[in-house]
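What the coordinates show
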Amino acid sequence: MTRRTRLWVLLTGGAGLAALLVAACLRLPHFGGDRHPYGDRAVHASLTRHTANTVSSVNFDQRAFDTLGEMTILFAAVLGCVVLLRQTRDERRARPEPAEVARPVRRYALLVLPVALLSGLYIVAHGQLSPGGGFQGGVVAATALHLLYLGADYAALERVRPVGMYEVGDALASSAYVVTGIAGLIGGTAFLANTLLPYGTFNTLSSGGTVPLLNAAIGMEVACAVVVLLARFLDQAVEIEEESGR
Amino acid sequence: MRSVMDVLPYLVAAWVFLAGCYGLATSRNLIHAVGCLSVCQAGTYVLLLAVGYRNKATAPVFSDIKPGSRPVVDPVVQALTLTDIVVGATVTALLLALVVQIAKRHGTVDPDELSELRG
Amino acid sequence: MADAVIVVALLLVAASATVAVATRDPMRQALVLSVLGVVLAVLFTVLQAPDVGLSQLAVCSALTPLLLMLAVRKVRRRGREREGER
């Protein structure tokens, strides 16, 4: 198929899809409407289990099994990246020579690094209370670590980031999630049911039963996953080159 | 104004999704295609959150408001979107790893040249 | 008032998404995508979804563009090495 015919096929299909989408939009409930049956029930369930952040309650309590699925996708994606981006036999490692970084950039990066890392951990820890949680906090903490690449250099980053440890951490966090689920099963109810721990006092750090535990497991998993992913990509982009005399 | 406001968010979501699809199909560079795919994903996020919005409501977080004192927006769609954003990013990484691998094996990231190589 | 802010945020999202698709150079596209990520985070916050906004801000303004840029750099570097061999 030539580019021209392909464009025409695309435009025809796109126009049909656009017409259907617009027709569907016109029949959807109006934006900002007052009827949210699922939302109201989720809020009610979350409040009976003393979880102040309803979104965390949905993620780690009411739909915890769904989050297990999401976590599995994440784990599989990281595993795929590690396999695809490994160093092959016809490649060699070259030490990257340090490049000059402007002093203000360097100073700013080193200043922001601890603040960003701490914010990430705070966001994970307070997931059941305020906006945030394992997913967001994990990403913040892991990307914060990479400010070291800007502030110092690649060798310093490699010293604080033994990739193997983070790979183990990723696997441990995944198993921690499943183990918490199985604990619910042994406790006499169902897989991932939030009946194991007391619900605690509303709006304190230890409220919400198993929500903080699952939240922490996800935070660790996401942080480790992002570190491993970025490490693999940095390796490929900065260090690994092809054997030239092939 | 009111009637436009009723459907505008859905239309924007549809526009973003279709724009992403167009870029995906006409792309001449696989890395650009992966970027377009993330634009498509953004369209679905806008749609989900637009469905869950409620006028004059606040965020579904009760750490600083009394439960029941104010209406809140739908937390279920927010939870769906939130997990997908992070998981979507790792899937993007997997796709990029595939692109890097293709570049290594075939020496090009243009989908047209790749299909010529095969045929 | 709230409606006006939502409309502005929605139009900004539509515009930056269009620009992101129309930018054919992947390096520039990564930058436009990070702008899109920030605009989306603003939209989500206006739609009373601070959780989602936070996650969008962390992922789409930092992580995804970084991954895209590293991939571009790797592919281009390979291209240069190939040129050198010839």
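Residues numbered from 1 in each chain as written. Chains lettered and ligands numbered in written order. Predicted model: local features only at pLDDT ≥ 70, side-chain atom pairs only at ≥ 80, totals over all residues.

**Notes on the environment of Gly 200 of chain A**
Residues and elements named next belong to chain A. Here is the rule we go by: By definition, any uninterrupted DSSP run of H or I lasting at least four residues is a helix, any uninterrupted run of E lasting at least two residues is a strand, and each is numbered from the N terminus. For the exposure call, what matters is how many other C-beta atoms sit within 10 Å of a residue's own: 20 or more marks it buried, 12 or fewer exposed, and in between partly exposed, using C-beta atoms placed from the backbone. Contact between residues is assigned whenever the C-beta positions, reconstructed from backbone atoms, fall within 7 Å.
Mapped onto the elements of the fold, Gly 200 is located in the loop between helix H9 (163–186) and helix H10 (211–239). You can call Gly 200 partly exposed: it has 18 C-beta atoms within 10 Å. When the C-alpha atoms of Gly 200 and Gly 219 are compared, they prove to be 21 Å apart, with 19 residues separating the residues in sequence. Excluding anything up to four places from it in sequence, Gly 200 contacts His 50, Ser 206, Ser 207 and Gly 208.

**Topic: the interface of chain C and chain B**
With 36 residues of chain C at the interface, the matching set in chain B holds 41 residues. In terms of residue count, helix H3 (residues 50–85) of chain C provides more of the side of chain C that touches chain B than any other element does, 16 residues in total.

**Quick word on the nonpolar core**
We count it as follows: By convention the nonpolar core is taken to be a set of buried residues drawn from Ala, Val, Leu, Ile, Met, Phe, Trp, Tyr and Cys and joined through C-beta atoms within 7 Å.
Membership of the largest hydrophobic core comes to 132 residues, with the highest contact counts inside it found for Val 16 and Leu 49 of chain B together with Val 13 and Ala 71 of chain C. At 19 residues, H10 of chain A tops the list of elements feeding residues into this core. With residues up to four places along the chain from it excluded, the contact list for Leu 49 of chain B reads Val 77, Gln 78 and Thr 81 of chain B together with Phe 44, Leu 47, Ala 49 and Val 52 of chain C.

**Focus on the interface of chain B and chain A**
Let me state the cut-off plainly: Amino acids are sorted into nonpolar (Ala, Val, Leu, Ile, Met, Phe, Trp, Tyr, Cys and Pro), charged (Asp, Glu, Lys and Arg) and polar (every other residue, Gly among them).
Residue-level contacts link 41 residues of chain B with 47 residues of chain A. Mapped onto the side of chain B that touches chain A, the elements with two or more residues apiece are helix H1 (2–26), helix H2 (30–52) and helix H3 (75–106) of chain B. In terms of residues, the side of chain B that touches chain A owes the most to one element, H3 of chain B, which gives 16 residues. In the side of chain B that touches chain A, the residues fall into 30 nonpolar, eight polar and three charged.

**Some points on the packing of helix H1 (residues 2–22) of chain C against helix H2 (residues 26–46) of chain C**
Residues and elements named next belong to chain C. Note the following rule: Simply put, an axis is a line fit to the C-alpha atoms, just over the touching stretch for a helix, and the angle between two N-to-C directions goes from 0 to 180 degrees. These descriptions rest on fixed angle ranges, namely under 35 degrees for roughly parallel, over 145 for roughly antiparallel, 65 to 115 for roughly perpendicular, and the rest for oblique. Throughout, a crossing is termed right-handed when the near helix is turned clockwise from the far one, and left-handed when it is turned anticlockwise from it by less than a right angle.
Relative to each other, H1 and H2 sit at 160°, their axes nearing to 9 Å. One way to sum up the angle between H1 and H2 is to call them roughly antiparallel. Judged by the sense of rotation from one axis to the other, the crossing of H1 with H2 is left-handed. Facing Val 5, Ile 6, Ala 9, Leu 10, Leu 12, Val 13, Ser 16, Ala 17, Val 19 and Ala 20 of H1, the residues of H2 in contact are Gln 29, Val 32, Leu 33, Val 35, Leu 36, Val 39, Leu 40, Val 42, Leu 43 and Val 46. Within the contact of H1 with H2, the residues separate by chemical class into 18 nonpolar, two polar and no charged.

**Some details on unusual backbone geometry**
In this structure, His 50 of chain A is a non-glycine residue whose phi angle is positive, near 60°. With phi around 65°, Gln 48 of chain C is a residue other than glycine that occupies positive phi space. By the secondary structure assignment, Gln 48 of chain C is in the loop between H2 and H3.

**Topic: helix H2 (residues 37–48) of chain A**
For clarity, the cut-off: Multiplying 1.5 Å by the helix residue count minus one yields the expected span of that helix.
Helix length check: H2 of chain A, at twelve residues, gives a terminal C-alpha distance of 17 Å against a target of 16 Å (1.5 Å per residue), a fit within 8%. Packing partners of the buried residues in H2 of chain A comprise helix H3 (54–62) of chain A together with H2 and H3 of chain B. Among the residues trailing H2 of chain A, His 50 of chain A stands out with phi positive, at a value near 60°.

**Points about the environment of Ser 174 of chain A**
Residues and elements named next belong to chain A. Its location among the elements puts Ser 174 in helix H9. What makes Ser 174 buried here is the crowd of 22 C-beta atoms within 10 Å. For the pair Ser 174 and Arg 107, spaced 67 residues apart in sequence, the C-alpha separation works out to 36 Å. Apart from residues no more than four positions distant in its own chain, Ser 174 is found in contact with Met 71, Phe 75 and Glu 221.

**Thoughts on the confidence of the model for chain A**
How we decide: One confidence number per residue, pLDDT, is output by the predictor and ranges from 0 to 100.
For chain A, per-residue confidence averages 87 on the pLDDT scale, and residues scoring 70 or more make up 98% of the total. Per-element confidence in chain A ranges from a low mean pLDDT of 74 for strand S2 (residues 240–242) of chain A to a high of 92 for helix H4 (residues 64–84) of chain A.

**Some thoughts on the packing of H10 of chain A against H3 of chain B**
Closest axis-to-axis distance for the H10 of chain A/H3 of chain B pair is 11 Å, and the angle between their directions is 20°. Viewed along their axes, H10 of chain A and H3 of chain B adopt a mutual orientation that is roughly parallel. The interaxial crossing formed by H10 of chain A with H3 of chain B has left-handed handedness. In contact with Val 222, Ala 225, Leu 229 and Gln 236 of chain A of H10 of chain A, H3 of chain B contributes Val 86, Thr 90, Ala 93 and Val 100 of chain B.

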